Amino acid sequence: MQASRARLFKEYKEVQREKSADPDIQLVCDDSNIFKWTALIKGPSETPFDGGVFQLAFAVPEQYPLQPPQVRFLTKIFHPNVHFKTGEICLDILKNAWSPAWTLQSVCRAIIALMAHPEPDSPLNCDSGNLLRSGDVRGYQSMARMYTRLAASPKKG
């Protein structure tokens, strides 16, 4: 557990130092628990998620970095690799392709890349996956844009 704490403190310091280096990701550690983090990520440009800000929750295991963090979307998102109700993310690096070289910041980058390049053949959201698999890209983008506006757009006024 000490090793995971030391690693998380190191990542915390890096996040503080590099706040302006990656404007698409804002990682925040819980004040009272180094094993709980949240992130705000910007939807990638030229995707239906452009203009949206999505909140992620990280639960970091005590065996980190030997085991991956559990990450889920708190913001509703219409995406084939994200469970619509729970926010669970289907991403190989969070499962069997995890490496201790990954950091919480790089996990956020991988999730942004997944948002831009969905994998409809391993869907957690079958409706979304089926739209893409059937070739209805316009239908998928329309639904994804609608949910981005409803759930991930900063409120005005």
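Residues numbered from 1 in each chain as written. Predicted model: local features only at pLDDT ≥ 70, side-chain atom pairs only at ≥ 80, totals over all residues. Heavy atoms only, no water.

Going by what an unreviewed UniProt entry lists, the protein chain is known as E2 ubiquitin-conjugating enzyme and is assigned to Linum tenue. Taken directly from UniProt, the Sequence similarities (unreviewed entry) text for the protein chain runs: "Belongs to the ubiquitin-conjugating enzyme family." (UniProt positions renumbered as here; feature names shortened; annotations may be inferred.)

A. Region of interest: the overall build of the protein chain. Helix and strand content of the protein chain: 4 helices and 4 strands. A compact globule built from 157 residues would reach a C-alpha radius of gyration of about 15 Å, and the protein chain, at 16 Å, matches this within 12%. Based on the C-alpha atoms only, the size of the protein chain along its principal axes is roughly 50 × 40 × 25 Å. Relative to its 157 residues, the protein chain shows a buried fraction of 41%. (Helix = DSSP H or I, 4+ residues; strand = E, 2+ residues; numbered from the N terminus. Rg over C-alpha atoms; globule rule 2.2 N^0.38 Å. Buried < 20%, exposed > 50% of the residue type's maximum accessible area, 1.4 Å probe, protein only.)

B. Up close: the layout of surface pockets. By volume, the largest pocket is sized at about 250 Å³. Lining the largest pocket are 13 residues, and of these A59, P69, Q70, V71 and R72 sit closest to its centre. Grouping the amino acids of the lining of the largest pocket by side-chain chemistry returns 8 nonpolar, 1 polar and 4 charged. (1 Å grid on protein atoms, 1.4 Å probe; cavity = no way out; pocket = protein on both sides within 12 Å on 5 of 7 lines; lining within 4 Å. Points joined across faces, edges and corners; volume = space filled by probe spheres on them. Nonpolar A, V, L, I, M, F, W, Y, C, P; charged D, E, K, R; others polar.)

C. Geometry of the UniProt feature "domain: UBC core" (unreviewed entry) in the protein chain. Here, the residues flagged by UniProt with the feature "domain: UBC core" (unreviewed entry) are residues 3-153. Note that residues 3-153 is 34% helix and 15% strand, and that its end C-alpha atoms are spaced 38 Å apart.

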